[in-house]
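Topology and contacts: notes
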Amino acid sequence: MEALSPLIFLLSVPSLSSVVSPSKNPGFRQQRAVEFHETDAAGLVHFTNLFRWMEAAELAFLHERDVPVLAVDSVKNSGWPRAAVRAEFLAPLRFGDTVETRLWVVKIGRSSIQYRFEIWRLNGRGGPHLSATGEITTVHVTRTRGKLQPAPLPAAIRKKLK
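Sequence positions are assigned chain by chain, starting from 1 and proceeding in written order. Local features in this predicted model are restricted to residues of pLDDT 70 or higher, and side-chain atom pairs are both shown and tallied only at a pLDDT of 80 or more, whereas totals for entire chains, interfaces and linings draw on every residue. Values reported for side chains reflect all heavy atoms of the structure, with hydrogen atoms and water molecules removed beforehand.

Turning to unusual backbone geometry, a few remarks are in order. With phi around 60 degrees, aspartate 66 is a residue other than glycine that occupies positive phi space. The secondary structure listing takes helices from DSSP runs of H or I that are at least 4 residues long and strands from runs of E that are at least 2 residues long, numbered from the N terminus. Within the secondary structure, aspartate 66 sits in the loop between helix H1 (48-64) and strand S2 (71-72).

Shown next, in the form of structure tokens:
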């Protein structure tokens, strides 16, 4: 049997919009404008960009807390590959919209971190509007002699994520 790819898209899952955010105040917020190249022929944001925005918010969150995203030395290196990603699209986004990606750390495991995201359109009639929700689970790994292995999260990193 072939090994599964480390990136898994979960297609038949319970609705993310029915899940209440872990807390009212997200652990991190990041705003941006929707750029023209992020839209499709219909003028709507292409779905792949939502995953990019979630990852960009995650990386900014980690950077803000001085958590290394990639560590490389002569013997081994470490990183955070995705174990699972999913998203639910609730309302369209268009070129020029101002969006805010909100991030919560939902669960910290032995070697994994589960994030929850909400992507809000901030401009337009009716005020802010939830446009998408998503989740990413990452696994802290080390690579030694070309082989990836899950690695326990160091206590110092755990402290920075709370």
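Ring geometry is summarised as follows: Phe, Tyr and Trp rings, the Trp one being its six-membered ring, pair when their centres sit within 6.5 Å, and such pairs are stacked at plane angles under 30 degrees, edge-to-face over 60 and tilted between the two. Enumeration over the complete set of coordinates arrives at four aromatic pairs. Aromatic side chains phenylalanine 28 and phenylalanine 61 sit 6.2 Å apart centroid to centroid with 70 degrees between the ring planes, which places their arrangement in the edge-to-face category. Placement of the pair is phenylalanine 28 in strand S1 (residues 28-33) and phenylalanine 61 in helix H1, with a sequence separation of 33 residues. For the residue pair phenylalanine 28 and phenylalanine 61, the accessibility class agrees, reading buried in each case. Using a 1.4 Å probe on the protein chains alone, a residue whose accessible area is under 20% of its type maximum counts as buried, one over 50% counts as exposed, and one in between counts as partly exposed.

Here the focus is the pattern of salt bridges. We define a salt bridge as a contact between a side-chain nitrogen of Lys or Arg and a carboxyl oxygen of Asp or Glu at a distance within 4 Å. Within this structure, the stated rule accounts for ten salt bridges. In this structure, the salt-bridge partner of arginine 29 is glutamate 100, at a minimum N-O distance of 2.9 Å. Here arginine 29 is found in strand S1, whereas its partner glutamate 100 is found in strand S5 (residues 98-108), with 71 residues between them in sequence. The exposure class assigned to arginine 29 is partly exposed, which follows from its relative accessible area of 42%.

Attention shifts here to H1. For H1, spanning 17 residues, the distance from its first C-alpha to its last is 25 Å, which sits close to the expected 24 Å at 1.5 Å a residue. Among all positions in H1, only Asn49, Leu50, Phe51, Trp53, Met54, Ala57, Glu58, Phe61 and Leu62 are buried. Along its buried surface, H1 packs onto S1, strand S4 (82-89), S5, strand S6 (112-121), strand S7 (129-139) and helix H2 (155-161). Where H1 ends, the next residue or the one after it, aspartate 66, has phi of about 60 degrees, a positive value. To estimate how far a helix should reach, multiply one less than its number of residues by 1.5 Å. Whether two residues are in contact is decided by their heavy atoms: any pair within 4.5 Å suffices.

What follows covers the sheet that holds S4. Read across the sheet, five strands follow the order S1-S5-S6-S7-S4 without closing on themselves; strand pairing throughout is antiparallel. The strands lining the two open edges of the sheet, one partner per strand, are S1 and S4. Neighbour to neighbour, the strand axes of the sheet diverge by 20 degrees on average, direction disregarded. In terms of strand pairing, S1 meets S5 through six bridges, oriented antiparallel. Of the residues in S5, the one forming a bridge with glutamine 31 is glutamate 100. A pair of strands is labelled paired if DSSP reports no fewer than 2 bridges between them. Orientation is described by axes fitted as lines to C-alpha atoms, over the contacting stretch for helices, and by angles from 0 to 180 degrees between their N-to-C directions.

This part covers the environment of alanine 91. Tracing the chain through its elements places alanine 91 in the loop between S4 and S5. According to the relative accessible area criterion, alanine 91 is buried, its value standing at 17%. Distance from alanine 91 to serine 131, taken between C-alpha atoms, is 4.5 Å for residues 40 residues apart in sequence. If we skip the residues at most four places from it in the chain, alanine 91 touches His129, Leu130 and Ser131.

For the rest of this paragraph, the subject is the nonpolar core. Burial of nonpolar side chains together is a common tendency in soluble globular proteins. We call a set of buried Ala, Val, Leu, Ile, Met, Phe, Trp, Tyr and Cys residues a nonpolar core when their side-chain atoms join them within 4.5 Å. One finds Trp53, Phe61, Leu93, Tyr115, Phe117, Ile119 and Leu161 to be the most contacted residues of the largest nonpolar core, which totals 25 residues. For this core, the secondary-structure elements that each account for two or more residues are H1, S5, S6, S7 and H2. Beyond its immediate chain neighbours, meaning those up to four positions away, phenylalanine 61 contacts Gly27, Phe28, Leu103, Val105, Tyr115 and Leu161.

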